[in-house]
Amino acid sequence: VSRSAAPKLAAYAGLAAAALLAALVLRRPELVVLAAPFALALAGGLALSEPPRMRASLSLDRERVLERDEVVLTLELEAETPVARLDVALVVPPGVTPLEPPARALRLGRGETRRIDLPLRADRWGGYALGRVALRARSPLGLLVAERAVDELVPLRVYPHEEEVRRLLAPRETQLSAGNEVARVKGDGIEFADVRPFAPGDRIRRVNWRASARRGALWVNEAHPERNTDVVLFLDSFAEARREGRGTLDLAVRAAAALAERYLARRDRVGLVGFGGVLRWLLPGMGRTQAYRIADALLDTEVVFSYAWKDVEILPARTLPPQALVLALSPLLDDRAVTALLDLRARGYDLAVVDVSPLPFAPPGHGRDELGHRLWRLRREAVRHRYLRAGVAVAEWHDGEPLQVPLEEVRSYRRRASR
Amino acid sequence: VLTVVLGAAAALRLARAIPWPLFGVGALYAATAHGPLDGWSLAVGVALLLAAELAYAAVDVDARLRQEPELARRSAAAVASVVVAAVAAGFAVVLAAGVEIGAGLPLATAGAVAAAGLLLLVLRLATSSSPSS
């Protein structure tokens, strides 16, 4: 606790001293009468003041919330000495909005415990450390001020609000484990594929009796097996376009969270590659645990400025399994990410790119700025054409559009390309 | 002019500017006081203290702070108590000043020592910022 004199104390002492000195010099007792009230206030205020002793503790009603959820931060104060006036200011980090004024002024009696509830709204995904509290206690008559900062940080994890996805992008190839994706190959399954002549070893239940009766020989049904797939979500975090608290990285993280949740619900294996200034990866996995791992990894995603050149060579081989669908979410702003994705395609990966459009976050200016903006848009078009020429489906996703729109665009391109 | 300066200091929340108009009023009063002991000095002293308390209270008002209603009531009660106590103290000083005692070197020395002590206290408090737990 740092305790200091308030300006009022120096002012009262100065006025009283000046009046007393003037009374002596001028030999006027009236000036002593002028000094008396200030001297009395000074003496009384100092006599009544004692160093404030109090305890402060912080708690949150929930440690994990979704974006736009509300949490209540509770500050509990316990005073061992009376505090005539206590100013409490809760410092809230950007991304979390207090729904009530975060600064309060109150009075605490000796031994009194007070609870201050501050409702907060989590506006943006991420990991936060709440709990910086500034306390300022004033003595009676406000002559002395004691200040203290409480740094008992309480963690809050805000998970991204998921985008709505109705239909997922199907990979070209499936894996060997059972899942919900109908494989292109024929085998044991429930999805009808074709009929063929009976062969030794075929099970009787597979016999198509109607076709057999018509052809005079035994024919059996063939089916497509239901298999799972490997999906790697490639999140480009080299750069982002940001404006008024919204940005391309926010959209990409929300989309990645939604896609991971939906693919994992289909029993697919999902991996994550955060490709940016800081490289992060999660090996493909399935189940609830993997969903939590991905959610936690997404919270730590941030744009870290870096000049270092990076390509896919630095990714561990197991991060990108063969026949996996690599679904990239990128604003296509950084050449390193653009080149890395083309490199993946050249290595034969099944690649689809959702171009998280930075255009809504970078409106055109006037004059030369407008010309520069047009050139930049043309350059982005050229990058997209490079992908299309390489056989990579790429769709632009604008802020405010459902994620399903670019996914359907990618799907239709892939369907046309496979014909 | 001094009232306007005090009002401006309170409105602009300049706590360090508040003593100067009060000092000016005191100086004006000292310059105009003549003759025997002026009975209005008590009213002037209490009025100066009340003006100072109200000005500092105005400086403490912050729209960003949500203040408990009880806090405002208690602050008003504290100001009222100080003013009442100041009236009593001033009255005691007026009465003491009216008492005829022989002036001399011991009394002047005591007055000088008291004034110098108060001045030292002012300097000590103005420069103190002691950390404590």
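Rules of the game
- Residues numbered from 1 in each chain as written.
- Chains lettered and ligands numbered in written order.
- Predicted model: local features only at pLDDT ≥ 70, side-chain atom pairs only at ≥ 80, totals over all residues.
- Heavy atoms only, no water.
- Helix = DSSP H or I, 4+ residues; strand = E, 2+ residues; numbered from the N terminus.
- Buried < 20%, exposed > 50% of the residue type's maximum accessible area, 1.4 Å probe, protein only.
- Contact = heavy atoms within 4.5 Å.
- Areas by Shrake-Rupley, 256 points an atom, 1.4 Å probe, with all protein chains shown as cover.
- Pairing = 2+ DSSP bridges.
- Buried area = accessible area lost by both parts, 1.4 Å probe.
- Salt bridge = Lys/Arg side-chain N within 4 Å of Asp/Glu carboxyl O.
- Polar contact = N/O pair within 3.5 Å; in protein donor to acceptor, adjacent residues only side chain to side chain.
- Nonpolar A, V, L, I, M, F, W, Y, C, P; charged D, E, K, R; others polar.
- Axes fitted to C-alpha atoms, helices over the stretch in contact; angles between N-to-C directions.
- Parallel < 35°, antiparallel > 145°, perpendicular 65-115°, else oblique.
- Left-handed = near helix turned anticlockwise from the far one by under 90°.
- Core = buried A, V, L, I, M, F, W, Y, C linked by side-chain atoms within 4.5 Å.
- Expected span 1.5 Å × (residues − 1).
- Patch = residues over 30% accessible without salt bridge, like charges linked within 9 Å, V, L, I, M, F, W, Y side chains within 5 Å.

Draft legend 1. Geometry of the overall build of chain B. Of the regular secondary structure elements, chain B holds five helices and one strand. Taken over 133 residues, chain B has a buried fraction of 30%. Long-range pairs, those at least 24 residues apart, make up 72% of the contacts in chain B between residues at least 6 apart in sequence. Carbon and sulfur atoms make up 74% of the accessible area of chain B, which totals about 8,200 Å².

Draft legend 2. Region of the structure containing the overall build of chain A. Along chain A, the regular secondary structure elements total eight helices and 22 strands. As displayed, chain A has an accessible area near 19,900 Å², and 52% of this comes from carbon and sulfur atoms.

Draft legend 3. Focus on the pairing of strand E15 (residues 230–237) of chain A. Residues and elements named next belong to chain A. The buried count for E15 comes to eight of eight residues, which makes it a mostly enclosed element. Of the two faces of E15, the one lined by Asp-230, Val-232, Phe-234 and Asp-236 and the one lined by Val-231, Leu-233, Leu-235 and Ser-237 are each fully buried. Two elements, E15 and strand E18 (residues 269–276), share eight bridges in a ladder whose sense is parallel. Residue pairing for E18: Val-232 is matched across the bridge by Gly-271. Across five bridges, E15 lies against strand E20 (residues 325–330) in parallel orientation. Bridge pairing in E20 places Val-231 opposite Leu-325.

Draft legend 4. Structural view of the interface of chain A and chain B. Listed per partner, the contact involves 48 residues of chain A and 54 residues of chain B. When the buried area of chain A at its contact with chain B is split by residue, A:Glu30, A:Val33 and A:Leu34 rank highest and sum to 13% of it. Linking chain A to chain B there are four salt bridges. Notably, a salt bridge pairs B:Glu53 with A:Lys8, separated by 3.0 Å at the nearest N-O pair. Applying the counting rule to chain A against chain B returns ten residue pairs in polar contact (both at pLDDT 80 or more). Listed by contribution, the elements that provide at least two residues to the side of chain A that touches chain B are strand E1 (2–5), helix H1 (7–26), helix H2 (29–48), strand E5 (83–91) and strand E7 (103–108) of chain A. Ranked by the residues each element gives to the side of chain A that touches chain B, the list is headed by H1(A), at 16 residues. Of the residues in the side of chain A that touches chain B, the class split is 34 nonpolar, three polar and eleven charged. The sheet contact formed by E7(A) and strand E1 (residues 65–67) of chain B spans three bridges and is parallel. Bridge pairing links A:Ala103 to B:Leu65 in E1(B).

Draft legend 5. Representation of the packing of H1(A) against helix H2 (residues 19–32) of chain B in the model. Running from amino to carboxyl end, H1(A) crosses H2(B) at an angle of 15 degrees, the nearest separation of the two axes being 10 Å. Our classification of the angle between H1(A) and H2(B) gives roughly parallel. For the pair H1(A) and H2(B), the crossing hand works out as right-handed. For the pair formed by H1(A) and H2(B), the contact residues are A:Ala11, A:Leu15, A:Ala18 and A:Leu26 on the first element and B:Pro19, B:Leu22, B:Phe23 and B:Ala30 on the second. Across the contact of H1(A) with H2(B), the residue classes tally to eight nonpolar, no polar and no charged.

Draft legend 6. Up close: the sheet that holds strand E4 (residues 70–79) of chain A. Residues and elements named next belong to chain A. The strand order across the open sheet built from four strands is E2-E4-E8-E6, with neighbouring strands paired in antiparallel fashion. Single-partner strands in this sheet number two, and they are strand E2 (54–60) and strand E6 (96–98). Taking each pair of neighbouring strands and ignoring which way they run, the sheet shows an average axis angle of 30 degrees. Relative to E4, E2 runs antiparallel, the two being bridged by seven bridges. Residue pairing in the sheet places Leu-60 in a bridge with Leu-73 of E4.

Draft legend 7. Expanded view of the nonpolar core. Residue and element names in this part refer to chain A. If you look at the biggest cluster of nonpolar residues, it comprises 44 residues, and the most contacted ones within it are Leu-233, Leu-259, Tyr-263, Ile-294, Leu-298, Leu-327 and Leu-329. Elements represented by at least two residues in this core include exactly E15, helix H4 (248–265), E18, helix H5 (288–299), E20, strand E21 (350–356), strand E22 (393–397) and helix H8 (404–418). Considering each element in turn, this core owes the most residues, twelve residues, to H4. In this structure Ile-294 touches Ala-260, Leu-264, Val-270, Leu-272 and Leu-282, once residues within four positions along its chain are discounted.

Draft legend 8. Fine view of H8(A). Residues and elements named next belong to chain A. For H8, built from 15 residues, the straight-helix expectation of 21 Å at 1.5 Å per residue is met to within 8% by its first-to-last C-alpha distance of 21 Å. The set of residues buried in H8 consists of Gln-404, Pro-406, Leu-407, Val-410, Arg-411, Tyr-413 and Arg-414. If you follow the buried residues of H8, they end up packed against H4, E20, E21, helix H7 (368–389) and E22.

Draft legend 9. Broad picture of the packing of H2(A) against helix H3 (residues 41–60) of chain B. Viewed as axis vectors pointing N to C, H2(A) and H3(B) meet at an angle of 35 degrees, and their least axial separation amounts to 8 Å. Every pair of crossing elements has a handedness; the one defined by H2(A) and H3(B) is right-handed. Contact residues: H2(A) offers A:Glu30, A:Val33, A:Leu34, A:Pro37, A:Phe38 and A:Ala41, while H3(B) offers B:Ser41, B:Leu42, B:Val44, B:Gly45, B:Val46, B:Leu48, B:Leu49 and B:Ala52. Residues of the contact of H2(A) with H3(B), tallied by class, amount to eleven nonpolar, two polar and one charged.

Draft legend 10. Looking closely at a nonpolar patch on the surface. On the surface, A:Leu21, A:Leu24, A:Val25, A:Leu26 and B:Leu119 cluster together into a nonpolar patch covering about 430 Å² of accessible area. With four residues, the single largest contributor to the nonpolar patch is H1(A). For A:Leu26, the location among the structural elements is in helix H1. Residue A:Leu26 is classed as partly exposed on the basis of its relative accessible area of 47%.

Draft legend 11. Representation of the sheet that holds E22(A) within the structure. All names here are of chain A. Strand order in the open sheet formed by six strands is E19-E18-E15-E20-E21-E22, with mixed pairing between adjacent strands. With partners counted over all chains shown, the strands left at the sheet margins are strand E19 (280–285) and E22, one partner each. For this sheet the average axis-to-axis angle between neighbouring strands, irrespective of direction, equals 15 degrees. As paired elements, E20 and E21 share six bridges and run parallel to each other. Each residue of the ladder has a partner; that of Leu-327, found in E21, is Ala-352. Contacting E15, E18, E19, E20, E21 and E22, H4 runs over the sheet at an angle of about 170 degrees to E15.

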